[in-house]
Amino acid sequence: MDFSKFKKSTTSVWGGESDLKVSGAVTSPIVNSVAFAYNDVDHWHEVSLGKAEGYIYSRNTNPTVAVLEEKIRLLEGAEAATSFATGMAAISNTLYTFLTAGKRVVSQKDNYGGTSKIFLDFLPLYNVEVQLCDTTDFDLFEKEIAKGCDLVYLETPTNPTLKVVDIKRLAAAAKKVGAIVVVDNTFATPINQNPLALGADLVIHSATKFLCGHSDAMGGVVAGKKELVQKIYQYREINGASLQADPAYMIARGMKTLELRIERQNASALKIANYLKAHSKVSDVFYPGLTTHPGHEIAKQQMSGFGGIMSFALDGGYEHVKKLLTTLKLVHLAASLGSVSTLAGPPRTTSHVELTEAQRKLLGIPESLIRYSVGIENVDDLLQDLDTALASL
Ligand SMILES: *Cc1c(COP(=O)(O)O)cnc(C)c1O
């Protein structure tokens, strides 16, 4: 099918599915087969060399996994996509594919906690030079890129303080020195933001979050230039962080309602952020949809919606954080985001638990912060829940 004439909601439902239907089934099957058999040894050999289309062994490729990869490839407007057991596997395999001894990477201070750990603790062990810039100091960023580097790694909006990074500007700077530009698009999803269209070479998703959307399967995906995706695929098939058919099916199933969920979450989050901003017990709200957010203008240019996640700080510090979280009824206090149910927690027990308090301080993450990932519940119920809990402080 030619998907270029369809909108994203249509592609989310139909993308990747058409080839696989069995006996008229209206969903693609879960193919839980480790290996794929051939009648003809020469044909088998051709496929195993990549000279003919087909499946060999599920650590490499699998028909159910391919459905998911194709959906994300289409939604991101990419040449190719490949998948992983988790979002962190997608990130680490991508970084280790391109960052070998002597290479230099420029990134931002605000990255997902696990990603920061790779930059701070792991890559230096392999003699990779890591330069982390103040996330929104784009002049400094450009200067560091211009010194020469092999890879520029961005994440926007950031976790958990929702800073907005100017993808177009930094991708242009990276092009001048021939660096590969990678963007973690987990928070925005392909519905709200398409980094490849802004100049990135590769886009990464933790599919565990909004793409799956139901907190019941883990996965990761990288999409982008074919030549680059191919290299990452070859690294992953040997390192073995492959996605299984069962979670691939569940993520692809979740993706059929992606646009419906994201539209609802965009709208609810904006309402809730405005409510919190006006509340006397809330000292700070971080949400790129607020006109007062320092990254709002860039967000307006590069995003078509501002996403379902915000964070806010309370007067009264960590004791108030604990009281509020345990008074709220319509949240799971849990370390994930992007689900149908609202999830909340302090970054020091969720996204940035891997880091020490000193490392969190270095990254500018207040200990009294709450990350709030809006679900698809009725927004008035969520506002009432917050109102009651805030009144109890
Ligand atoms: C959760 C997350 C990851 C890691 O994904 P996993 O599937 O948990 O491994 C990476 N980046 C961002 C922005 C995330 O929110």
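Residues numbered from 1 in each chain as written. Predicted model: local features only at pLDDT ≥ 70, side-chain atom pairs only at ≥ 80, totals over all residues. Heavy atoms only, no water.

Draft legend 1. Looking closely at the pattern of salt bridges. Overall, the coordinates contain 15 salt bridges when judged by the stated rule. Residues Glu17 and Lys256 are paired through a salt bridge, measuring 3.7 Å at the closest nitrogen-oxygen approach. A residue pair is termed long-range when its members are at least 10 positions apart, and Glu17 in the loop between α1 (8-14) and α2 (41-48) and Lys256 in the loop between α10 (245-255) and α11 (258-277) qualify at 239 residues. Residue class for Glu17 comes out buried when judged on its relative accessible area of 4%. Close ionic contact of Lys147 with Glu144 constitutes a salt bridge, the shortest N to O distance being 3.0 Å. Classification of Lys147 as exposed rests on a relative accessible area of 61%. Salt bridges sharing common partners tie together Arg104, Glu129, Glu144 and Lys147. (Salt bridge = Lys/Arg side-chain N within 4 Å of Asp/Glu carboxyl O. Helix = DSSP H or I, 4+ residues; strand = E, 2+ residues; numbered from the N terminus. Buried < 20%, exposed > 50% of the residue type's maximum accessible area, 1.4 Å probe, protein only.)

Draft legend 2. Region of interest: empty space enclosed by the protein. Taken as a whole, this structure holds 3 cavities of 30 Å³ or more when the rule is applied. The space that makes up the largest cavity amounts to roughly 70 Å³. Contributing to the lining of the largest cavity are Glu17, Thr27, Ser28, Thr64, Val67, Tyr249, Ala252, Arg253 and Lys256. Elements with a contribution of two residues or more to the lining of the largest cavity: α3 (63-76) and α10. The biggest single contributor to the lining of the largest cavity is α10, with 3 residues. By residue class, the composition of the lining of the largest cavity is 3 nonpolar, 3 polar and 3 charged. Considered as a void within the structure, the second largest cavity measures approximately 40 Å³ in volume. (1 Å grid on protein atoms, 1.4 Å probe; cavity = no way out; pocket = protein on both sides within 12 Å on 5 of 7 lines; lining within 4 Å. Points joined across faces, edges and corners; volume = space filled by probe spheres on them. Nonpolar A, V, L, I, M, F, W, Y, C, P; charged D, E, K, R; others polar.)

Draft legend 3. Main features of the site of the ligand. The full set close to the ligand counts 16 residues, and Met88, Asp184, Ser206, Thr208 and Lys209 are the nearest of them. Within the backbone of Gly87, one N or O atom sits 2.8 Å away from an oxygen atom of the ligand. Within the backbone of Met88, an N or O atom sits 2.8 Å from an oxygen atom of the ligand. Cavity membership is defined here by more than half of the atoms lying within 2 Å of grid points; on that basis the ligand lies in the second largest pocket. With 3 residues, helix α4 (residues 87-98) is the largest single contributor of residues to the shell around the ligand. (Near = heavy atom within 4 Å. Polar contact = N/O pair within 3.5 Å; in protein donor to acceptor, adjacent residues only side chain to side chain. Sits in = over half its atoms within 2 Å of the grid points.)

Draft legend 4. Region of interest: the sheet that holds strand β9 (residues 309-314). Taking strand neighbours across the sheet as the criterion, the 5 strands line up as β8-β9-β12-β11-β10 in an open arrangement whose pairing is mixed. Both outer strands of the open sheet, β8 (282-286) and β10 (332-333), are each paired with one neighbouring strand and no more. In terms of strand pairing, β9 meets strand β12 (residues 369-373) through 5 bridges, oriented antiparallel. Following the sheet pairing, Ile309 is matched in β12 by Ser373. Here helix α13 (residues 317-327) sits on the sheet and contacts β9, β10, β11 (343-345) and β12; the angle it forms with β9, its principal contact strand, is near 130°. (Pairing = 2+ DSSP bridges. Contact = heavy atoms within 4.5 Å. Axes fitted to C-alpha atoms, helices over the stretch in contact; angles between N-to-C directions.)

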